[in-house]
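Residues per chain are reported as follows:
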Amino acid sequence: MSSPVLRIVTRSSPMARAQVERVRSLLAQTSPDLEVEVVPVTTTADRWTGSLSALGGKENFVREVDAVLAAGAADVAVHCLKDMPGEKPLPPGMTIAGYLVRDDVRDCLVSPAGLQLAELPAGARVGTSSVRRRAQLAAVRPDLDFVLFRGNANKRLEKLAGGEVDAAILAVSGLDRIGRSDAITEIFEPEVMLPPVGAGILALQCRADDDATLDILAPLNDPTTWREAAAERMFLHVLQGHCNSPIAGYAAHVDDELVLSGAVYSLDGKTALTAAEDSGAFTPADLGMSVALALVKQGARDIISAAASTP
Ligand SMILES: NCc1[nH]cc(CCC(=O)O)c1CC(=O)O
């Protein structure tokens, strides 16, 4: 009898490849007889060099990957949960088989000159295409010059080394995955820079009717991460946030209790609506809904639409 095969579809960036290797090594422990094949694709977002908002949504990061899965040319996709659209459900026929143990959720500053945020001179060019990061930084350093900065993490580090910008904000987990944590000059704690929904979480997505794959992937799911993801995803869904929304949402377990902190920012960072609740008797999804509604009551929808209509 030939050994069973699992085909993993992935984007072709070094970060995506590292994520697949993590899944492969976990599977080597949980399903030692399984043969794992990798199916690489390049997504529209990988080829796009303009602004994320002009590209028109997070789904550009995942669409081509999902198409390969839907066509049956692969069995599982490994997605950064952060890149998965929050305002709409998964594509028809798809399900999340599990979430891996969460990585570092924090953002960090990378400055080739070795500076911290407070040490950057006025007018320093800071590369980020994330409206959340930009709003959060502008709130404390409105004197910085925020510039469009795209490309995968390796390309961003090259641009930094080439002096295209003076500093950039990147995810710690992403730099860990490509083996470049050495580039970090300052790490921002969640209290300073609230992480985005799904930060540091890898999602295993497969066809909902593929019981064999669901069985193979089940042992890789981390129940703690699952609860955090459920709270954060519902939070984003209720806010109807999309790619150009300055929204942060971070759920963490504190003394066995799930706590969700959420924030919505104006693009200039001058307005910040915040809410935080613990789950008590709530399910994670109810907690997500409750924190989102607390922000809606403060006027979050107006701020989100104003941000969406700003070019
Ligand atoms: N937008 C690209 C992206 N998607 C997920 C991560 C980081 C890893 C993660 O949070 O899972 C990154 C890179 C970054 O923001 O620096």
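Note that residues are indexed from 1 along each chain, following the sequence as it is written. In keeping with the model being predicted, local features are shown solely for residues with a pLDDT of at least 70 and side-chain atom pairs are shown and tallied solely at 80 or more, while totals for entire chains, interfaces and linings include all residues. Note that the side-chain values use all heavy atoms of the structure and ignore hydrogens as well as water.

Under an unreviewed UniProt entry, the name given to the protein is Porphobilinogen deaminase, and the source organism is Promicromonospora alba. UniProt positions are given in the numbering used here, feature names are shortened, and annotations may be inferred rather than shown by experiment. For the record of the protein, the UniProt heading Function (unreviewed entry) holds the text "Tetrapolymerization of the monopyrrole PBG into the hydroxymethylbilane pre-uroporphyrinogen in several discrete steps." Under the Subunit (unreviewed entry) heading, UniProt states for the protein: "Monomer."

## Regarding the environment of Lys159
By the criteria applied, helices consist of DSSP H or I runs no shorter than four residues and strands consist of E runs no shorter than two, each listed in order from the N terminus. When you line up the elements, Lys159 lands in helix α6 (residues 153-161). Classification of residues uses two cut-offs on accessible area relative to the type maximum, computed with a 1.4 Å probe and protein chains only: under 20% is buried, over 50% is exposed, and between them is partly exposed. Taking relative accessible area as the criterion, Lys159 reaches 25% and is therefore assigned partly exposed. Separated by 32 residues in sequence, Lys159 and Gly127 have C-alpha atoms that sit 9.5 Å apart. Every residue pair with non-hydrogen atoms within 4.5 Å of one another is taken to be in contact. Non-local contacts of Lys159, meaning those with residues more than four positions away in its chain, are made with Phe149, Arg150, Glu164 and Val165. Polar contact is the term for a pair of N or O atoms within 3.5 Å; when the atoms are in protein, one must be able to donate a hydrogen and the other to accept it, and sequence-neighboring residues count only if both atoms are side-chain atoms. Within polar-contact distance, the side chain of Lys159 engages the backbone oxygen of Arg150 at 3.1 Å.

## Some words on the sheet that holds strand β11 (residues 247-254)
Spatially, three strands are ordered β11-β12-β13 in an open sheet, and the strand pairing comes out antiparallel. For this open sheet the edge positions go to β11 and β13 (272-278), each flanked by a neighbour on one side alone. The sheet shows a mean angle of 10 degrees between the axes of neighbouring strands, taken without regard to direction. We treat two strands as partners when DSSP finds at least two bridges between them. Relative to β13, strand β12 (residues 257-265) runs antiparallel, the two being bridged by seven bridges. Along β13, the bridge assignment pairs Val264 with Leu273. Between N-to-C directions, angles cover 0 to 180 degrees, with each direction set by a line fitted to C-alpha atoms, over the stretch in contact for helices. Here helix α9 (residues 223-239) sits on the sheet and contacts β11 and β12; the angle it forms with β11, its principal contact strand, is near 150 degrees. Along the sheet, helix α11 (residues 300-308) contacts β11, β12 and β13; its crossing angle with β12, the most-contacted strand, is approximately 50 degrees.

## Quick look at the site of the ligand
Near residues are defined by distance, with any heavy atom within 4 Å of the molecule or strand qualifying the residue. Residues in close proximity to the ligand include Cys80, Lys82, Asp83, Arg133, Leu170, Ala171, Ser173, Arg177, Ala199, Gly200 and Ile201, which together make up its full environment. A distance of 2.6 Å separates an oxygen atom of the ligand from a polar atom in the side chain of Lys82. Isolated, the ligand exposes 400 Å² of accessible area, and the fraction of that covered by the protein chains is 88%. The set of elements that each furnish at least two residues to the shell around the ligand consists of β8 (167-171) and α7 (172-177). Note that Gly is not counted as nonpolar here; it falls among the polar residues with everything else outside the nonpolar set of Ala, Val, Leu, Ile, Met, Phe, Trp, Tyr, Cys and Pro and the charged set of Asp, Glu, Lys and Arg. Partitioned by chemical class, the residues of the shell around the ligand number five nonpolar, two polar and four charged. Where each domain begins and ends is defined by an automated method or by a domain database. Counting the residues that make up the shell around the ligand, at least three belong to each of domain 1 (5-101 + 200-221) and domain 2 (107-188). For accessible areas, the Shrake-Rupley method is used with a probe of radius 1.4 Å. Any residue's cover is judged against the shown protein chains and nothing else.

## Let's talk about the state of the cysteines
Here, the term disulfide refers to a pair of cysteine sulfur atoms separated by no more than 2.5 Å. Per the stated rule, a full pass over the model turns up zero disulfides. Unpaired in this structure, Cys108 has its nearest cysteine sulfur neighbour in Cys80, at a distance of 15 Å.

## Examining the pairing of strand β4 (residues 94-99)
Taking burial as the measure, the six residues of β4 include five buried ones, the bulk of the element. With five bridges joining them, β4 and strand β10 (residues 202-207) adopt antiparallel strand pairing. Of the residues in β10, the one forming a bridge with Gly98 is Leu204.

## Observations regarding α9
Given a helix with a known number of residues, its expected span is that number minus one, times 1.5 Å. The end-to-end C-alpha distance of α9, which contains 17 residues, comes to 25 Å, matching closely the 24 Å that a straight helix rising 1.5 Å per residue would cover. Among all positions in α9, only Thr225, Glu228, Ala229, Ala231, Glu232, Arg233, Phe235, Leu236, Val238 and Leu239 are buried. Tucked into the core, α9 has its buried residues touching β4, β11, β12, α10 (284-297) and α11. Looking one or two residues beyond α9, the residue adopting positive phi is Gln240, at roughly 55 degrees.

## Observations concerning the packing of aromatic side chains
Geometry of aromatic contacts follows a simple scheme: Phe, Tyr and Trp rings, the Trp one being its six-membered ring, pair when their centres are within 6.5 Å, and the pair is stacked under 30 degrees between planes, edge-to-face over 60, tilted otherwise. Throughout the structure, instances matching the rule amount to one aromatic pair. Judged by centre distance (5.2 Å) and plane angle (55 degrees), the ring pair of Tyr99 and Trp226 falls under tilted. Of this pair, Tyr99 sits in strand β4 while Trp226 is found in helix α9, placing the two residues 127 residues apart along the sequence. Judged by its relative accessible area of 7%, Tyr99 is buried.

## Side note on the packing of α9 against α10
Remark: α9 packs on α10, axes separated minimally by 7 Å, with the N-to-C direction vectors making an angle of 35 degrees. Here the hand of the crossing between α9 and α10 comes out right-handed. Mapping the contact onto sequence places Arg227, Ala230, Ala231, Met234, Phe235, Val238 and Leu239 in α9 and Pro284, Ala285, Leu287, Gly288, Met289, Val291, Ala292, Leu293, Leu295 and Val296 in α10. Of the residues that constitute the contact of α9 with α10, the class distribution is 15 nonpolar, one polar and one charged. Note: crossing handedness is left-handed where the near helix turns anticlockwise from the far helix by less than a right angle, and right-handed where it turns clockwise.

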